[in-house]
Amino acid sequence: MKPIYFTITGTSHYFGSSFMKLGMQVRLVKDTHNEFDNEAIAVRMDGLGKIGYVANSRYTVLGESYSAGRLYDKINKKATGTVLYVLDNGVLCRLNEFSLK
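Everything numeric in this text was worked out from a predicted model, so none of it was measured.

Caption draft 1: Quick peek at the sheet that holds strand 6 (residues 90–95). Strand order around the closed barrel formed by six strands is 1-4-3-2-5-6, with antiparallel pairing between neighbours. The mean angle between the axes of side-by-side strands here comes to 45°, regardless of whether they run parallel or antiparallel. Judged from the two bridges that link them, strand 1 (residues 5–9) and strand 4 (residues 49–54) form a sheet pairing that is antiparallel. Residue pairing in the sheet places Ile8 in a bridge with Val54 of strand 4.

The structure is reproduced here in C-alpha cells:
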C-alpha cells in the first residue's frame, strides 16, 4: 500500500513545533464541532492535548500530503501518524496504516 502523508499546521497557536522529533506519534481526531471547517481533523499528543490541525488549504499542505478534506473519509474517527520531518512551515507525517477504514 502506498503511504499516505499529511501536514500538521497551526502549531504556533499551541506549543510550537520545535519539540517534535522524527518518529514521534500523533493522534488524529475528527473535530466534528469545528465551526469553521466541517472536515477539520485535530492533531493531539499524549500529555499535551491539541497541538494543531491537519492542513486543509493548498497554502499549508506540504509536498504530497493529503489535505484534511481528502483524508477525512479515509480514516476512522481516531487515527495515528508518525512525524517524518519538522519544517519551518509545517510538520510532515505519515498516516499509520491501521488507521484506515
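Caption draft 2: Main features of the layout of surface pockets. In this model, the largest pocket occupies a volume close to 180 Å³. Residue lining of the largest pocket: Thr9, Asn34, Phe36, Asp37, Ala40, Tyr53, Val54, Ala55, Asn56, Ser57 and Thr60, and that is the complete set. Residues of the lining of the largest pocket, tallied by class, amount to five nonpolar, five polar and one charged.

Caption draft 3: Local environment of the packing of aromatic side chains. Enumeration over the complete set of coordinates arrives at zero aromatic pairs. Across from the ring centre of Tyr72, 4.5 Å away, lies the NZ or CZ of Lys30, which sits over that ring. Sitting over the ring of Tyr66, Arg70 keeps its end group 3.9 Å from the ring centre.

Caption draft 4: Seen up close, the side chain of Lys30. Along the chain, Lys30 turns up in strand 2 (residues 25–30). Although buried, Lys30 forms no salt bridge, and the nearest oppositely charged side chain, Asp73, lies 5.1 Å from it. A polar contact is formed between the side chain of Lys30 and the backbone oxygen of Tyr72, at a distance of 2.9 Å.

Caption draft 5: Geometry of a nonpolar patch on the surface. On the surface, Tyr14, Phe15 and Leu48 cluster together to form a nonpolar patch covering roughly 270 Å² of accessible area. By the element assignment, Leu48 lies in the loop between strand 3 (41–45) and strand 4.

About the thresholds
- Residues numbered from 1 in each chain as written.
- Predicted model: local features only at pLDDT ≥ 70, side-chain atom pairs only at ≥ 80, totals over all residues.
- Heavy atoms only, no water.
- Pairing = 2+ DSSP bridges.
- Helix = DSSP H or I, 4+ residues; strand = E, 2+ residues; numbered from the N terminus.
- Axes fitted to C-alpha atoms, helices over the stretch in contact; angles between N-to-C directions.
- 1 Å grid on protein atoms, 1.4 Å probe; cavity = no way out; pocket = protein on both sides within 12 Å on 5 of 7 lines; lining within 4 Å.
- Points joined across faces, edges and corners; volume = space filled by probe spheres on them.
- Nonpolar A, V, L, I, M, F, W, Y, C, P; charged D, E, K, R; others polar.
- Phe/Tyr/Trp six-rings, centres within 6.5 Å; stacked < 30°, edge-to-face > 60°.
- Lys NZ or Arg CZ within 6 Å of the ring centre and 35° of its normal.
- Buried < 20%, exposed > 50% of the residue type's maximum accessible area, 1.4 Å probe, protein only.
- Lys, Arg positive; Asp, Glu negative; His and termini not counted.
- Salt bridge = Lys/Arg side-chain N within 4 Å of Asp/Glu carboxyl O.
- Polar contact = N/O pair within 3.5 Å; in protein donor to acceptor, adjacent residues only side chain to side chain.
- Patch = residues over 30% accessible without salt bridge, like charges linked within 9 Å, V, L, I, M, F, W, Y side chains within 5 Å.
- Areas by Shrake-Rupley, 256 points an atom, 1.4 Å probe, with all protein chains shown as cover.

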